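Read off the chains here:
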Amino acid sequence: MKLELFLHHKRMRRIITYGGCFEAFMRTLTIEQQEKVKYGLLLIKTQNRISNKFVKFIEDGIYELRTEYEGNTFRTFFFFDKGNIVVLLNGFQKKSQRIPKKEIERAKQLKKSYYEESCK
């Protein structure tokens, strides 16, 4: 199931979610933390170039949105579909420098499922 997160102007990327993982992650955050994540999403949505402070390439076409709030770092995986759609996968609070391999594998599986479902 795909869910559109925001309504968009033609020149902006559309941001959609897939699989319900991102919504579940957002429900675990405080309102203030959610607002910081939404700010990062706004950058992805509107900017052609984004600082490595906010976005980092992980692997297999998957990127990481990094959000920091009061000493906590939150990560959201996403990928681009057709060059202008950002698909948000899973999110988590990062407690170490290394990205947990299970989170990367989860994002890769969600991406695969997304494309399998969209080809039907």
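Residues numbered from 1 in each chain as written. Predicted model: local features only at pLDDT ≥ 70, side-chain atom pairs only at ≥ 80, totals over all residues. Heavy atoms only, no water.

### Describing the nonpolar core
Just so we agree on the cut-off: The set of buried Ala, Val, Leu, Ile, Met, Phe, Trp, Tyr and Cys residues whose side-chain atoms join them within 4.5 Å is what this entry labels a nonpolar core. Burial here depends on accessible area, computed with a 1.4 Å probe over protein chains only, as a share of the maximum for the residue type. Under 20% is buried, over 50% is exposed, and the range in between is partly exposed. Helical segments are the DSSP runs of H or I of at least four residues, strand segments are the runs of E of at least two, and each set is numbered from the N terminus.
With 16 residues, the main nonpolar core has F77, V87, L89, I99 and Y114 as its most contacted residues. Contributions of two or more residues to this core are made by β2 (14–18), β5 (72–81), β6 (85–94) and α3 (101–118). Core analysis: the next-biggest nonpolar cluster, separate from the first, contains 14 residues, F22, I44, L65 and F78 among them.

### A few points about the confidence of the model for the chain
Operational definition: As a per-residue quantity, pLDDT reports the predictor's confidence and falls between 0 and 100. We call two residues in contact when some of their heavy atoms are within 4.5 Å.
Taken as a whole, the chain shows an average pLDDT of 84; of its residues, 88% reach a score of 70 or greater. Every residue in residues 1–10 is under pLDDT 50, and counting partners more than four places away or in other chains gives 29 contacts.

### Here we look at helix α2 (residues 31–46)
Where we set the bar: Here a helix's expected span is defined as the number of its residues, less one, multiplied by 1.5 Å.
If you check α2, its first and last C-alpha atoms are 22 Å apart, about what 16 residues at 1.5 Å a residue would give, namely 22 Å. Summarising the contacts, the buried residues of α2 are in contact with β2, α1 (21–27), β3 (55–59), β4 (62–69), β5 and β6.

### Considerations on the environment of Q109
With respect to the helices, strands and loops of the structure, Q109 is situated in helix α3. Once the C-alpha coordinates of Q109 and L89 are considered, the two residues, 20 residues apart in sequence, prove to be 9.7 Å apart.

### A few points about the pattern of salt bridges
What counts, and what does not: One side-chain nitrogen of Lys or Arg within 4 Å of one carboxyl oxygen of Asp or Glu is enough to make a salt bridge.
One pass over the full model with this rule turns up 9 salt bridges. One salt bridge connects E59 with K101, and the closest N-O pair in it is separated by 3.9 Å. With E59 in strand β3 and K101 in helix α3, this residue pair connects regions lying 42 residues apart in the sequence. Residue E59 is classed as partly exposed on the basis of its relative accessible area, which comes to 24%. The exposure class of K101 is partly exposed, given its relative accessible area of 49%. A salt bridge links E64 to R66; its shortest N-O distance comes to 3.6 Å.

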